[in-house]
Amino acid sequence: MEDLPDTIYAECPECDDITEHEILNGRLGKSGVTGTFKCAGCGRVFTGTIRLPRPFTVKAVVSSEETSSSTQTTVMENESPAVGDEFDLDDGRHVLITQIIDQKGGKRKSCPAADIKELWVKDYGVLRVKVSVNSGKKTYPLYSEAEPDDEFAVGMIMNFDLWDAEITSIKTKTKLLRRGSAEARDITRVYAKVVHRGSEDSPGDGGGVMDFDDE
């Protein structure tokens, strides 16, 4: 038999919103939990039955660089995925939603689970952050492999195959940073200057890579 969860999301009669509730005591049935609940938002304690959300299995088209594949994933009834949301597929891959197709074939920016036909997503486990490295009169396009929540900071030293480079500014989706830091998921380009040169003068075709696992 399935274990009784410690908390459950449900509409609070006091908050008039869906909030997290602690299950003080209860009994798990086929479709819900009957017992006493305490709202984590307002502290209201009440008894009753909270229905568990149904799972929906939807098709997910996953793109990863030059390839794409299809799989299935689970979306709960009380969820409304939106373009730009990050989540983990049932197989554990971390992805970003790029497009939602509803049951009528229309494109939606957000959609209740029951109305989803397909989710188009891209692999978001490792990102390729664009880096422009300045060396004298030349600027070279490189990239850095990072997880979405890895941080880049102005003044940080990046170790590439041929160079060490210091970050001078960071362009995010909303602004240009000349101080501070930003997560990889929010960055559109990093600007840096060479502070130490290896034995070669040029990275050739721009294939220099920095991987956070090498730090």
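Now for a look at the structure at hand.

Rules used throughout
Residues numbered from 1 in each chain as written. Predicted model: local features only at pLDDT ≥ 70, side-chain atom pairs only at ≥ 80, totals over all residues. Heavy atoms only, no water. Pairing = 2+ DSSP bridges. Helix = DSSP H or I, 4+ residues; strand = E, 2+ residues; numbered from the N terminus. Axes fitted to C-alpha atoms, helices over the stretch in contact; angles between N-to-C directions. Phe/Tyr/Trp six-rings, centres within 6.5 Å; stacked < 30°, edge-to-face > 60°. Buried < 20%, exposed > 50% of the residue type's maximum accessible area, 1.4 Å probe, protein only. Salt bridge = Lys/Arg side-chain N within 4 Å of Asp/Glu carboxyl O.

Describing the sheet that holds strand 2 (residues 17-28)
Read across the sheet, four strands follow the order 1-2-3-4 without closing on themselves; strand pairing throughout is antiparallel. Edge positions in the sheet fall to strand 1 (7-12) and strand 4 (45-51), since each of these pairs with one other strand and no more. On average, each strand axis in the sheet is inclined to that of its neighbour by 50°, with strand direction left out of account. Sheet topology places strand 3 (residues 32-39) next to strand 4; seven bridges connect them, and they run antiparallel. Each bridged residue has a counterpart across the sheet, and for Gly-35 the counterpart in strand 4 is Gly-48.

Some thoughts on the packing of aromatic side chains
Inspection of the entire model under this criterion finds two aromatic pairs. Consider the rings of Phe-37 and Phe-46, whose centres lie 5.8 Å apart with planes at 40°: the pair is tilted. For Phe-46, a relative accessible area of 16% translates into the label buried. Residues Tyr-140 and Trp-163 carry aromatic rings whose centres are separated by 5.0 Å and whose planes lie at 45° to one another, so their mutual orientation is tilted. Taken together, the positions of Tyr-140 in strand 12 (residues 138-146) and Trp-163 in strand 15 (residues 163-172) put the pair 23 residues apart, joining distant regions of the chain.

Observations concerning the pattern of salt bridges
Tallied over the full model, the rule gives eight salt bridges. Glu-118 is paired through a salt bridge with Lys-59; the nearest N and O atoms lie 3.7 Å apart. Here Glu-118 is found in strand 10 (residues 116-123), whereas its partner Lys-59 is found in strand 5 (residues 55-64), with 59 residues between them in sequence. Looking at Glu-118, the relative accessible area reads 15%, which means it is buried.

As for the pairing of strand 2
One face of the sheet, then the other: side chains in a regular strand alternate in exactly this way. One ladder, built from six bridges, connects strand 1 with strand 2; its direction is antiparallel. Within strand 2, the position partnered with Thr-7 by the bridge is Glu-22. Once strand 1 ends, the chain turns through four residues before running back antiparallel as strand 2, passing Asp-16 with a positive phi of about 55°. In the sheet, strand 2 pairs with strand 3 via seven bridges, with the strands oriented antiparallel. By the bridge assignment, Glu-22 is partnered in strand 3 with Lys-38. As consecutive antiparallel partners, strand 2 and strand 3 are separated by three residues.

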